[in-house]
Amino acid sequence: MSISNKTSASIENINGHKTCNAEEIQIPVPWGHIHGKWWGPKMIQPIVALHGRQDNAGSFDHLIPLLHDEISILCLDMPGHGLSSHYPKSQYYYVYWDGIILLRRIVKYFKWNKVKLLGHSLGGAISFLYAASYPDEVDFMISLDIASPSVKDIIKCPDVTGDTIDKFLKYELLQPDSVPSYTYEEVLDIVEDAYNGSITKEGAITLMKRGLRPSSEPERYHFARDPRLKVTFHLLINIDY
């Protein structure tokens, strides 16, 4: 088992915050790197944990310390999220498909025969789809806050497709100096409001440890996630059989 460019989060700052008891890792992919946090012992295969839509690996920061310290968990920043590389310009995010492919890359990279999965929201839906695609290669999956992937009425899809494409092309043209920047307190307010009460300010602080990058302006920040994630297509699962 090999890990590329690993760093110890117990001795290094991540976006200016100290992170303990987990090791920061980078896994090479064709467009850059997938970043993650490996909690627990490294000599055993970890449970792979995937976060929710537009979140990051910090989603599990308050949960994992409550578990037994002999449990090994690898929390990943999905493409375009957290510290992971964004997709190349012009490449669209199909988050369900992308998640299945990402998990397959991780399994192949570490040469695992089977995998254990933990997912929150979008991450739970992706885990569900991966388990359905590779039923003999998943020991178990744990899904938080979602029972299965969402289904769509295919008839309604054309109504939103054109607008989604136009927004994607708009976000694609954003230059670094035109991406909105905020003070740290403004960021926390935006995040807390966006979750409509489902997370506290403490939760927002935790997510933003990996969710921000400094602006060129003093004491201002950009969201680290790819703006194109706002207009991703989910896998269009039809409710009809």
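The structure presented is a predicted model; accordingly, all values stated were derived computationally and were not measured. (Residues numbered from 1 in each chain as written. Predicted model: local features only at pLDDT ≥ 70, side-chain atom pairs only at ≥ 80, totals over all residues. Heavy atoms only, no water.)

### Quick word on the packing of aromatic side chains
Evaluated as defined, the whole model comprises ten aromatic pairs. Taken together, a centroid distance of 4.7 Å and an interplanar angle of 10 degrees make the contact between Phe110 and Trp112 stacked. For the pair shown, Phe110 and Trp112 are each scored as buried. With a centroid separation of 4.8 Å and an interplanar angle of 35 degrees, the aromatic rings of Tyr130 and Tyr134 are classed as tilted. Among the residues examined, Tyr134 registers a relative accessible area of 25% and is labelled partly exposed. Site record: aromatic cluster; members linked through ring pairs are Trp38, Tyr109, Phe110 and Trp112. The side chain of Arg104 reaches across the aromatic face of Tyr134, ending 3.7 Å from its centre. A cation over a ring is seen here: Arg225 above Phe223, with NZ or CZ 4.6 Å from the ring centre. (Phe/Tyr/Trp six-rings, centres within 6.5 Å; stacked < 30°, edge-to-face > 60°. Buried < 20%, exposed > 50% of the residue type's maximum accessible area, 1.4 Å probe, protein only. Lys NZ or Arg CZ within 6 Å of the ring centre and 35° of its normal.)

### Here we look at the packing of helix α4 (residues 184-194) against helix α5 (residues 201-211)
Following both chains from N to C, one finds α4 and α5 inclined at 110 degrees, their axes separated by 9 Å at the closest point. Between α4 and α5, the interaxial angle falls into the category roughly perpendicular. The handedness of the crossing between α4 and α5 comes out as right-handed. When α4 is examined against α5, the residues Tyr184, Glu185, Val187, Leu188, Asp189, Val191 and Glu192 are found in contact with a partner set consisting of Lys201, Ala204, Ile205 and Met208. (Axes fitted to C-alpha atoms, helices over the stretch in contact; angles between N-to-C directions. Helix = DSSP H or I, 4+ residues; strand = E, 2+ residues; numbered from the N terminus. Parallel < 35°, antiparallel > 145°, perpendicular 65-115°, else oblique. Left-handed = near helix turned anticlockwise from the far one by under 90°. Contact = heavy atoms within 4.5 Å.)

### With respect to the pairing of strand β9 (residues 138-144)
Bridge analysis of strand β8 (residues 115-120) against β9 gives six bridges, and the strand direction is parallel. Residue pairing for β9: Lys116 is matched across the bridge by Phe140. At this point the chain moves from β8, through helix α2 (residues 122-133), to the parallel β9, and the crossover so formed is right-handed. (Pairing = 2+ DSSP bridges. Right-handed = clockwise from strand over helix to strand, strands pointing away.)

### So, the environment of Ser90
Relative to the helices and strands, Ser90 is located in the loop between β7 (73-76) and α1 (95-110). Along the sequence, Ser90 and Leu173 sit 83 residues apart, while their C-alpha atoms lie 9.8 Å from each other. The contact partners of Ser90, leaving out residues within four places of it in the chain, are Phe168, Glu172 and Arg228.

### Some details on the side chain of Thr206
Within the secondary structure layout, Thr206 lies in helix α5. The exposure class of Thr206 is buried, given its relative accessible area of 6%. Ignoring any residue separated from it by four or fewer positions in sequence, one finds Thr206 in contact with Gly58, Asp61 and His62.

### Thoughts on unusual backbone geometry
For Asn196, which is not a glycine, the phi torsion comes out positive at approximately 50 degrees. Here Asn196 lies in the loop between α4 and α5.

### A short note on the packing of α1 against α2
Taken N-terminus to C-terminus, the directions of α1 and α2 make an angle of 65 degrees; their axes are 9 Å apart at the nearest point. With respect to the hand of their crossing, α1 and α2 are arranged in right-handed fashion. Listed contacts from α2 to Val95, Tyr96, Gly99, Ile100, Leu103, Arg104 and Val107 of α1 are Leu122, Ala125, Ile126, Leu129, Tyr130 and Ser133. Tallied by class, the residues present in the contact of α1 with α2 amount to ten nonpolar, two polar and one charged. (Nonpolar A, V, L, I, M, F, W, Y, C, P; charged D, E, K, R; others polar.)

### Here's the deal with the side chain of His81
Tracing the chain through its elements places His81 in the loop between β7 and α1. Looking at His81, its side chain comes within polar contact range of the main-chain oxygen of Pro79, at 2.9 Å. Among all residues touching His81, those that are not within four sequence positions of it are His51, Arg53, Gln54, Asp55, Arg225 and Leu229. (Polar contact = N/O pair within 3.5 Å; in protein donor to acceptor, adjacent residues only side chain to side chain.)

### As for the pattern of salt bridges
Considering all chains together, one arrives at eleven salt bridges under this definition. In this structure, the salt-bridge partner of Lys201 is Asp189, at a minimum N-O distance of 3.5 Å. Of this pair, Lys201 sits in helix α5 while Asp189 sits in helix α4, and the two are twelve residues apart along the sequence. Among the salt bridges present, the one from Arg228 reaches Asp226, with a minimum N-O distance of 2.6 Å. Grouping residues by exposure puts Arg228 and Asp226 together as buried. When salt bridges that share partners are traced, they join Glu24, Asp77 and Arg210 into one network. (Salt bridge = Lys/Arg side-chain N within 4 Å of Asp/Glu carboxyl O.)

No statement about biological role is implied by the geometric values presented.
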